[in-house]
Amino acid sequence: MPQIKRLERLRETLAVLVVSLACAHGRMASFLSGALNALEPVLRWRALSADQGGTFGTILPSSEEYTEAEDAVRRLQAALSKITAEPIDLGTVRPNQQANGG
């Protein structure tokens, strides 16, 4: 797959994570935040050479860096699939917050 397409898919994944984080709370928010932090270098990557002008601080990643990021996304997808597939016993789930601060 061309590098520009690989970068596009990785950035789409980051966008989905950002939207998901905005809707998440508690442990899931911490989990998604960690995933975003780990994939942050993708935001500094560019897929094309800088022949025509400034790079604005972006870098051309190596093919190994693309592969590592794509593997991380696959592991993240597997972890999220496992988390969402596990049944939750609502009788044992207790919110940590109390109404009206007391």
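Not measured: the values here are computed from a predicted model. (Residues numbered from 1 in each chain as written. Predicted model: local features only at pLDDT ≥ 70, side-chain atom pairs only at ≥ 80, totals over all residues. Heavy atoms only, no water.)

Draft legend 1. Summary view of the packing of helix α2 (residues 26–39) against helix α3 (residues 63–85). Between α2 and α3, the shortest axis-to-axis distance is 11 Å and the interhelical angle comes to 170 degrees. It follows that α2 is roughly antiparallel to α3 by the angle criterion. For the pair formed by α2 and α3, the contact residues are Met28, Phe31, Leu32, Ala35 and Leu39 on the first element and Ala69, Ala72, Val73, Leu76, Ala79, Leu80 and Ile83 on the second. Across the contact of α2 with α3, the residue classes tally to 12 nonpolar, no polar and no charged. (Axes fitted to C-alpha atoms, helices over the stretch in contact; angles between N-to-C directions. Helix = DSSP H or I, 4+ residues; strand = E, 2+ residues; numbered from the N terminus. Parallel < 35°, antiparallel > 145°, perpendicular 65-115°, else oblique. Contact = heavy atoms within 4.5 Å. Nonpolar A, V, L, I, M, F, W, Y, C, P; charged D, E, K, R; others polar.)

Draft legend 2. Region of the structure containing unusual backbone geometry. Even without glycine at this site, phenylalanine 56 takes up a positive phi of about 55 degrees. Turning to its location among the elements, phenylalanine 56 is positioned in the loop between α2 and α3.

Draft legend 3. Summary view of α3. With 23 residues, α3 extends 33 Å from end C-alpha to end C-alpha; this agrees with the ideal 33 Å at 1.5 Å per step. When we look at burial in α3, the residues that qualify are Tyr66, Ala69, Glu70, Val73 and Leu76. Check the buried side of α3 and you find it contacts α1 (3–23) and α2. (Expected span 1.5 Å × (residues − 1). Buried < 20%, exposed > 50% of the residue type's maximum accessible area, 1.4 Å probe, protein only.)

Draft legend 4. A look at the packing of aromatic side chains. Throughout the structure, instances matching the rule amount to 1 aromatic pair. Aromatic side chains tryptophan 45 and tyrosine 66 sit 5.3 Å apart centroid to centroid with 65 degrees between the ring planes, which places their arrangement in the edge-to-face category. Pair noted here: tryptophan 45 is in the loop between α2 and α3 and tyrosine 66 is in helix α3, with a separation of 21 residues, a long-range link. (Phe/Tyr/Trp six-rings, centres within 6.5 Å; stacked < 30°, edge-to-face > 60°.)

Draft legend 5. Spatial organisation of the nonpolar core. One finds Leu10, Leu17, Val42 and Trp45 to be the most contacted residues of the largest nonpolar core, which totals 17 residues. Elements represented by at least two residues in this core include exactly α1, α2 and α3. Tallying contributions element by element places α2 first for this core, with 5 residues. Those residues within four positions of tryptophan 45 in sequence are excluded, and the remaining contacts are Leu7, Leu10, Arg11, Thr58, Ile59, Pro61, Glu65, Tyr66 and Ala69. (Core = buried A, V, L, I, M, F, W, Y, C linked by side-chain atoms within 4.5 Å.)

Draft legend 6. Geometry of the pattern of salt bridges. Inspection of every chain in the model, using the stated rule, returns 4 salt bridges. Where glutamate 8 meets lysine 5, a salt bridge forms, and the shortest distance between an N and an O atom there is 3.4 Å. Of this pair, glutamate 8 and lysine 5 both sit in helix α1, 3 residues apart, roughly one helical turn. Looking at lysine 5, the relative accessible area reads 33%, which means it is partly exposed. Measuring nitrogen to oxygen at the nearest pair gives 3.4 Å for the salt bridge that ties glutamate 40 to arginine 44. Since its relative accessible area comes to 33%, glutamate 40 is described here as partly exposed. Among the residues examined, arginine 44 registers a relative accessible area of 41% and is labelled partly exposed. (Salt bridge = Lys/Arg side-chain N within 4 Å of Asp/Glu carboxyl O.)

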